[in-house]
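# Structural description and commentary
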Amino acid sequence: MTSTIEPATSRAATTAPSGALRRPDGLIRNLDVAGLVDAEGGLLDRAIFTDEQLYRQELRRVFAPSWLFLAHTHQFQKPGDFFTTYMGEDPVIVTMNKDREIKAFLNSCRHRGARVCRADSGRTKNFTCTYHGWAYDLQGGLVSVPNQDGYPESFRREDWGLVEVPHVETYKGLIFGTWNPESVSLRESLGDMAWYMDAMLDHDDEGTEVIGGVHKWVLDGNWKLAAEQFATDWYHVNMSHASALQVMSPTGKKPKDEIVHRTGRQYVDPNGHGAGFPVHPKNRFDAPTVHEHVDYDALRERLGDARVDGPLTNGHATVFPNFSYLPVNGSIRIWHPKGPNQIEVWAWTIVDRSWPDEVKEAQRRYNLRTFGPSGIFEQDDGENWSECQSIAHGFITNGVALNYQMGIDSEREDGRFPGVTSELYSDAAGRAFYARWRTLMNTPAWHEEDPS
Amino acid sequence: MTHSVLDGTRAGQLADRDIHFEVEQFYYREAELLDDGRYADWLELLADDLDYWMPTRTNRLRRQQALSIAARGEAGFYDETKESLAWRIRRFDSGMAWAEDPPSRTRHLVTNVRVRHASPAVDEGVTESDLVVKSNFLVYRSRLEREENVFAGQRADVLRRLTAPDGVTDGRLQVARREILLDANVLQSKNISTFF
Ligand code: FES
Ligand SMILES: [Fe+2]
């Protein structure tokens, strides 16, 4: 299911004709963000959450070159199955072609630019633009142009197919794409993060499937607030989710001290990914039906003790830049950026394909009641992010540095969990997240003219 | 074809004005309890075997419209029993449910009420004394300083008359089943912290 497109020969996103078009200098300006992120000292300038110009730069230099989550392979059963989503703010169609390959195309007609598909998902033979009727097949090829004889001799339909996402790859059921023709492979960009992801994706040979569609909702907050939290922030759980923890504890009282002061580890990835998890066996907040069904001995055999005692107890994770998940709940989500001040959250529930129906149903309901817009945990998360964002435009407010110093210098290789890890309560993965963001923001992407 | 013609009952027929009035008053009372945050009292209006469901809705091509409402077992905003609603409500009482602390202001408007006598031959799992009711709602939420949300949609209810221990109908209505269709694709709200 890898992309079959030739490596792009031009530095543009597409080899499409652009004639005499040239963007003037000054239309796009890049800012040096080195002074906005002190990853080493654990300080952040709040402008990175509010500034419109920085946001446009993020779309060019953080989103466009990165591997971005698109969908789950289970959403594509037959040729013509499609799912529409976004990469950054770019609308894309993900579809299975006749050769059963997953492809992704920019969802924008090459004529005047309308979306060629306005359904969320479905099955189709082609994508016909409803403006003037240009029609594209499942390979993105332009197959029909009404009144084509009105165009000059030089017009060739082959030049005007949908813009294809040059690389689409999967990791254990999760489909990612990148616009960067020169990107490293998805697997390489995940690095040791893949070991942590397997705690959710690789319980047995059958893998995972999506259950029941996508929850979509909007939040008034910068996308990094959510992505960062899922990378690095177990810290908020006891306070933000106090009510949910209380309701879910067997006694209905405050959670025990050993829960509040739980120990665990946080994985800190050099590419900005992060994952945290308690290592205390009492830290299970999973659906009882699922818990009773799971064969932990078999998991120990397959994944090893460290993973079962670590990321399989509970936890949170982000794959840089904007894909996050909860390994035990099977809640996976993407934080679509909608300007500096808004996120559109899209969340799926995934389950083990091998589970009996009643176990899958228990996981689905558990997720709906805990995470998702009405979930008793997620409700309070939404409140936090909109709260941080709503006041961040104040002039004085915006200039007061934010603190990311928890667990500074705690990063080390502990011999049990792969890569560099820190404590459960730590900002280490957050510092790495912003260090990666800083690097990308200050590095010209493949689509930029070489300044030399 | 109305069932009632065949068996001489009211099954399937529109309710008369007295029952209609009673149902409307029931809904207005319910809305008042929700807007006043009296969730424990609201729970009393719900049957013990309640089925409370609010599916997500997707944009589909017209020929695939049948798929535009998530099926049972698919993604929903609510898929609840009375017990799970009670669990959600207990959270508000913890004093630490920050998404509703300070509480939002809500206004539940219920309109376009259409009341029919249930028809066991047509509607699944009902008895003849049940009412099958459709209504439209508009729920406004004002949160903190300037956050505003509007939730619009339709409810399809089965209302049941309570039976007293002596077997005689005691007259009070309860919601036995509620299907809530929100007229939204991407939910234009950071969360759903109220009920419908
Ligand atoms: S914009 Fe698509 S055919 Fe004209
Ligand atoms: Fe949270």
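Residues numbered from 1 in each chain as written. Chains lettered and ligands numbered in written order. Predicted model: local features only at pLDDT ≥ 70, side-chain atom pairs only at ≥ 80, totals over all residues. Heavy atoms only, no water.

## As for the overall build of chain B
The helix and strand inventory of chain B stands at 4 helices and 6 strands. What you see in chain B, going N to C, is helices and strands ordered as α-α-α-β-β-α-β-β-β-β. For a compact globule of 196 residues, the expected C-alpha radius of gyration is about 16 Å, and chain B comes in at 18 Å, within 12% of that figure. Counting only C-alpha atoms, chain B reaches 55 × 50 × 30 Å along its principal axes. (Helix = DSSP H or I, 4+ residues; strand = E, 2+ residues; numbered from the N terminus. Rg over C-alpha atoms; globule rule 2.2 N^0.38 Å.)

## Here we look at the nonpolar core
Ranked by internal contacts, the top residues of the largest apolar core, which has 148 residues, are Tyr-325 of chain A together with Val-23, Trp-42, Phe-195 and Phe-196 of chain B. No fewer than three residues from each of domain 1 (68-170) and domain 2 (193-441) of chain A sit in this core. Apart from residues no more than four positions distant in its own chain, Phe-195 of chain B is found in contact with Leu-34, Tyr-39, Trp-42, Tyr-52, Tyr-78, Leu-85, Arg-88, Ile-89, Phe-92 and His-108 of chain B. (Core = buried A, V, L, I, M, F, W, Y, C linked by side-chain atoms within 4.5 Å. Buried < 20%, exposed > 50% of the residue type's maximum accessible area, 1.4 Å probe, protein only. Domains from an automatic or database assignment. Contact = heavy atoms within 4.5 Å.)

## Notes on a nonpolar patch on the surface
A contiguous nonpolar patch, built from Leu-109, Leu-138, Tyr-140 and Val-150 of chain B and spanning about 350 Å² of accessible area, is present on the exposed surface. Within the secondary structure layout, Leu-109 of chain B lies in strand E3 (residues 105-117). (Patch = residues over 30% accessible without salt bridge, like charges linked within 9 Å, V, L, I, M, F, W, Y side chains within 5 Å. Areas by Shrake-Rupley, 256 points an atom, 1.4 Å probe, with all protein chains shown as cover. Salt bridge = Lys/Arg side-chain N within 4 Å of Asp/Glu carboxyl O.)

## Looking at the confidence of the model for chain B
Residues and elements named next belong to chain B. Here chain B averages 93 in pLDDT, while 95% of its residues score no lower than 70. Every residue in residues 1-5 scores below 50 in pLDDT, and together they form 8 contacts with partners more than four places removed in sequence or on other chains. Quick note on the complex model: pTM equals 0.94, ipTM equals 0.93. (pLDDT = per-residue confidence, 0-100.)

## Details of the interface of chain B and chain A
Listed as interface residues are 38 residues of chain B and, on the opposing side, 42 residues of chain A. At the boundary of chain B with chain A, total buried surface from both sides reaches about 3400 Å², with 52% on carbon and sulfur atoms. Among the residues chain B hides against chain A, the three largest losses belong to Trp-87, Arg-91 and Lys-190 of chain B. Together they make up 21% of the total. For the interface between chain B and chain A, the tally reads 6 salt bridges. Ionic pairing is found between Arg-369 of chain A and Glu-80 of chain B, a salt bridge with its closest N-O pair at 3.4 Å. If you look at where chain B meets chain A, you find 31 residue pairs in polar contact (both at pLDDT 80 or more). (Buried area = accessible area lost by both parts, 1.4 Å probe. Polar contact = N/O pair within 3.5 Å; in protein donor to acceptor, adjacent residues only side chain to side chain.)

## Some thoughts on helix H2 (residues 17-35) of chain B
Residue and element names in this part refer to chain B. The end-to-end C-alpha separation of H2 is 27 Å, in line with the 27 Å expected for 19 residues at 1.5 Å each. Along H2, the residues classified as buried are Ile-19, Val-23, Phe-26, Tyr-27, Glu-30, Ala-31, Leu-33, Leu-34 and Asp-35. Between a side-chain oxygen at the N-terminus of H2 and the backbone nitrogen of Asp-18 the separation is 3.1 Å; the capping residue is Asp-16. Where H2 terminates, the next one or two residues include Gly-37, which has phi positive at roughly 70°. (Expected span 1.5 Å × (residues − 1).)

## Examining the pattern of salt bridges
Tallied over the entire structure, the rule returns 45 salt bridges over all chains. Notably, a salt bridge pairs Arg-364 of chain A with Asp-79 of chain B, separated by 2.5 Å at the nearest N-O pair. Highlighted residues: Arg-364 of chain A in helix H11 (residues 357-370) and Asp-79 of chain B in strand E2 (residues 76-80), drawn from two different chains. Here Arg-364 of chain A matches Asp-79 of chain B in class, with each residue buried. Taking the shortest distance from any N to any O, the salt bridge between Arg-116 of chain B and Asp-123 of chain B comes out at 3.8 Å. One salt-bridge network, held together by shared partners, links Lys-172, Asp-198, Asp-202, Asp-205, Arg-302 and Arg-307 of chain A.

## Focus on the side chain of Glu-100 of chain B
Residue and element names in this part refer to chain B. On the secondary structure map, Glu-100 appears in the loop between helix H4 (82-92) and E3. Judged by its relative accessible area of 14%, Glu-100 falls in the buried class. Looking at Glu-100, its side chain comes within polar contact range of the side chain of Ser-193, at 2.5 Å. Residues within four places of Glu-100 in sequence aside, it is in contact with Phe-92, Arg-141, Arg-143 and Ser-193.

## Examining the side chain of Asp-381 of chain A
Residue and element names in this part refer to chain A. Secondary-structure assignment places Asp-381 in helix H12 (residues 378-390). Of the side chains with opposite charge, Arg-333 comes closest to the buried, unpaired Asp-381, at an N-O distance of 6.5 Å. There is a polar contact of 3.0 Å between the side chain of Asp-381 and the side chain of His-241. Sequence-distant contacts of Asp-381, that is, excluding residues within four places in its chain, are made with Gln-229, His-236, His-241 and Phe-371. (Lys, Arg positive; Asp, Glu negative; His and termini not counted.)

## Some points on the confidence of the model for chain A
Per-residue pLDDT for chain A averages 93, and the proportion of residues at 70 or more is 94%. Counting interchain partners and residues more than four positions distant, the pLDDT-below-50 stretch residues 1-12 of chain A has 21 contacts.

## Here we look at H11 of chain A
All names here are of chain A. Compared with an ideal rise of 1.5 Å per residue, which puts 14 residues at 20 Å, H11 spans 20 Å between its outermost C-alpha atoms and is within 8% of the ideal. Of all 14 residues making up H11, 10 are buried, and the element is well covered by its neighbours. Residues Val-359, Lys-360, Ala-362, Gln-363, Arg-364, Tyr-366, Asn-367, Leu-368, Arg-369 and Thr-370 constitute the buried set of H11. Following H11 by one or two positions, Gly-372 adopts a phi angle in the positive range, close to 90°.

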